[in-house]
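Structural characterization, general
Below are the chains, spelled out letter by letter.
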Amino acid sequence: MTDRSTDPTARTGDGHRHTGSSHPARFVVATAGHVDHGKSTLVRALTGMEPDRFAEEQRRGLTIDLGFGWTTLPSGAEVAFVDVPGHERFLGNMLAGLGPSPVVCFVVAADEGWRAQSSDHRDAVAALGIRHGVIVVTRADLAPDRVDEVAAQARAELADTALATAPVVATSATTGAGLDTLRATLDDLLAGIAPPEETARIRFWIDRSFTITGAGTVLTGTLSAGTLGAGDRLDLLAEGRPSGSRTTAVVVRSLQRQGRSTTVATATCRLAINLRAVPVGQVRRGDVLLSPGAWVPTSLVDVRGVSGASLDEAPEHVVVHVGTAAVPTRLRPFGAQHGRLRLDRALPLVHGDRLVLRDPSSRRVLAGVVVLDADPPLLDRRGDAARRARDLEALGDGPDLPAEVRRRGAVRRSHLVALGLTGPDPSAPAGVVAVGDWWVDGDEFDRWSGELGELVANRASVDPLSAGPTTGAAESALGLPDGGLLAAVAGRAGLVIEGGHVRRPGSDVELGPIEAAVEALRARLRAEPFAAPEADELAALGLGARELAAAERTGRLLRLGGGVVLLPDAPARAVRVLAGLPQPFTTSEARQALGMTRRTVIPLLEYLDRRGWTRRVDTAHREIVRPDQK
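I will try to describe carefully the structure that is included in this document.

**A short note on the packing of aromatic side chains**
Applying the stated criterion across every chain, the model contains 1 aromatic pair. When the ring centre of Trp295 is taken as origin, the NZ or CZ atom of Arg201, which lies over that ring, is 3.8 Å away.

Rendered as structure tokens:
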């Protein structure tokens, strides 16, 4: 799939799916630092590979786009390097390289010291929240007397970042001095980094796409978590799709990591993915491959500033960098530290993601922000923005799950997982009611239950014979989300759902003006259980079809076919009588044993057949079905 001259990135190894530590540790490390401070030379010296992919880069000695190389450290750990451009004109490319990388080699040349782009790259590292790295003082052979000075300068400049205590190694790619020390230092550093979750959902930010003859479209990027295998299905979220649009389903045709084909790749590694039937023109840097259905792409997020300028001092229009994507965005500040970002296109963002804000009119990083809410509420009423600002200021570092549920009233647990607000198998927090996949705020659940009880009671007071509000009307009146919450709410209110209506249980329901007539009929049937009344008798009692239906819903009567009305226990009584007949029996024998007419006995026998209490032997005979015959 991969040709070294056209794709020096994604290569992999052993072809077996791993679930533990049987494979060598794998890491991806990005470079950072001022232009012409030897980042590419360092990668070349460590890996023996040329990271500058383009002839122009090699001719000018200037990295323009991302470059790649890989090696094996003394411990056996596999390390892939992402070499980023240092020139200010290529800040976007630099951020695309740093974005998915968890570790950085921050390069400062001994003969030049800290320079302008060093600060830019420092700001990017801080904004992205990269916590692991090594400070590499390069070209030590050109200014050996300045190594300590430059190292101290770099530490001072990085004092407000996670690299403040990073180890410092002086190297010379020309003489080879310090390279072994750097390899050992990387080994020690990487050994202390927790491995990524191999079972995590996939979010693969694409940094290159190209075509290989006979293979089709190939995408490259850093697999930072999870496991990918040939034949896996993924969702492709590509630039140009409007906010909220669906992703495209794709299938992984084959994989490569570090020059070798594999059937399975586990994080962390550089990876080349060959997709089936995807034109190369439809995929570009900044697009992303996702585990199907596991992410909720969003174009609206609420954030907190974590580095750089105050958000209320930033311009309204910014560029957001995340992963390998760069997206024009509108910033709405809620004060100095909080704000809302409206992106031009939807991205798979979750709580805790680090984003970089850049001024499109300059080549400087404005600020780093962290996503607090990837599914924020709309601000469409007066005072909403101020209230939202207070809510965001009250948030700690982690999500407030009860508050998230309270704000929504009810939310699917799987949605909270997709938003990164909780782990894959969470328990409902205090104050939250779990109903299947739904989490419901306890107070809201009680309110819904009370309102449903009032709705049913009001309907019964207006029309005692009503079957109760329909389930659709009840859900609409309460404002319930779709998805089966009504049954739980009804249960909490002591109500039942039958025939698409919500009502009180039968024994609790009064029939108003027909109560006396129904009780009179029930008294008659208790005396003669199988003496079903004729139509004129029912009419004389004022019991038409609507009244009989209401009585049946309350469990007072049982309606059979042909207008036959009996008590609910009549079928069981009939079975006991019929069991005493010689088996099988005829319809006539049943009619005589029960003291019924042919008009009334046939609907009763058909009812018993449907219940499985009797069965036909032939056209003229039935028999009782014993329990051991069922």
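Continuing now.
**A word on the pattern of salt bridges**
Pairs can form between side chains of opposite charge whenever their charged atoms are close. Scanning all chains against the criterion turns up 35 salt bridges. A salt bridge links Arg139 to Asp111; the nearest nitrogen and oxygen atoms lie 3.0 Å apart. Separated by 28 residues along the polypeptide, Arg139 in the loop between strand E5 (132–138) and helix H5 (147–157) and Asp111 in the loop between strand E4 (103–109) and helix H4 (116–128) bring together distant segments of the chain. Relative accessible area serves as the criterion here: at 19%, Arg139 is assigned to the buried category. Taking the shortest distance from any N to any O, the salt bridge between Glu451 and Arg447 comes out at 2.6 Å. Of this pair, Glu451 and Arg447 both sit in helix H10 (residues 442–462), 4 residues apart, roughly one helical turn.

**Some remarks on the layout of surface pockets**
What the largest pocket holds in volume is close to 1,600 Å³. Taken together, 42 residues form the lining of the largest pocket, with Pro196, Arg203, Ser224, Ala225 and Asp353 sitting closest to its centre. Sorting the residues of the lining of the largest pocket by element identifies strand E1 (26–33), strand E7 (203–212) and helix H9 (413–418) as the ones contributing at least two each. When residues of the lining of the largest pocket are assigned to their parent elements, the largest contribution, 3 residues, is made by H9. Its residues placed into classes, the lining of the largest pocket shows 22 nonpolar, 14 polar and 6 charged.

**Overview of helix H6 (residues 179–191)**
In this model H6 runs 18 Å from its N-terminal to its C-terminal C-alpha over 13 residues, within 8% of the 18 Å that 1.5 Å per residue would give. Taken as a whole, H6 has its buried residues at Leu179, Leu182, Arg183, Thr185, Leu186, Asp187, Leu189 and Leu190. Residues of H6 that are buried sit in contact with E1, helix H1 (39–47), strand E3 (78–83), E4, E5 and strand E6 (168–170).

**Details of the sheet that holds E6**
One open sheet accounts for 6 strands, arranged E2-E3-E1-E4-E5-E6; its pairing is mixed. Every other strand in the sheet has two partners, leaving strand E2 (67–72) and E6 as the edge strands with one partner each. Neighbour-to-neighbour, the strand axes of this sheet turn through a mean angle of 25°, independent of strand direction. One ladder, built from 7 bridges, connects E4 with E5; its direction is parallel. Note that in E5 the partner of Val108 across the bridge is Val137. Across the face of the sheet, H4 comes into contact with E1 and E4 while running at roughly 165° to E4. Sheet strands touched by H6: E1, E3, E4, E5 and E6. Its angle to E5, the strand with the most contacts, is close to 170°.

**Digging into the sheet that holds strand E29 (residues 585–586)**
Within the open sheet, the 3 strands sit side by side as E29-E31-E30. Their pairing is antiparallel. Each edge of the open sheet is held by one strand with a lone partner, namely E29 and strand E30 (614–616). As paired strands, E30 and strand E31 (residues 621–624) are joined by 3 bridges and run antiparallel to one another. Across the sheet, Arg615 pairs through a bridge with Glu623, a residue of E31. Against the sheet, helix H18 (residues 598–611) makes contact with E29, E30 and E31, and its axis sits at roughly 100° relative to E30, the strand it touches most.

**As for unusual backbone geometry**
Each neighbour pair has its own omega, and for Ala267 with Thr268 the value is 0°, a cis peptide bond. Mapped onto the secondary structure, Thr268 falls in the loop between strand E13 (264–266) and strand E14 (269–275). In this model, Arg139 sits at a positive phi of 55°, which is unusual for a non-glycine residue. Residue Ala277 is not a glycine yet carries a positive backbone phi of 55°. Looking at the secondary structure, you find Ala277 in the loop between E14 and strand E15 (288–290).

Each value, and the rule that gives it
- Residues numbered from 1 in each chain as written.
- Predicted model: local features only at pLDDT ≥ 70, side-chain atom pairs only at ≥ 80, totals over all residues.
- Heavy atoms only, no water.
- Phe/Tyr/Trp six-rings, centres within 6.5 Å; stacked < 30°, edge-to-face > 60°.
- Lys NZ or Arg CZ within 6 Å of the ring centre and 35° of its normal.
- Salt bridge = Lys/Arg side-chain N within 4 Å of Asp/Glu carboxyl O.
- Helix = DSSP H or I, 4+ residues; strand = E, 2+ residues; numbered from the N terminus.
- Buried < 20%, exposed > 50% of the residue type's maximum accessible area, 1.4 Å probe, protein only.
- 1 Å grid on protein atoms, 1.4 Å probe; cavity = no way out; pocket = protein on both sides within 12 Å on 5 of 7 lines; lining within 4 Å.
- Points joined across faces, edges and corners; volume = space filled by probe spheres on them.
- Nonpolar A, V, L, I, M, F, W, Y, C, P; charged D, E, K, R; others polar.
- Expected span 1.5 Å × (residues − 1).
- Contact = heavy atoms within 4.5 Å.
- Pairing = 2+ DSSP bridges.
- Axes fitted to C-alpha atoms, helices over the stretch in contact; angles between N-to-C directions.

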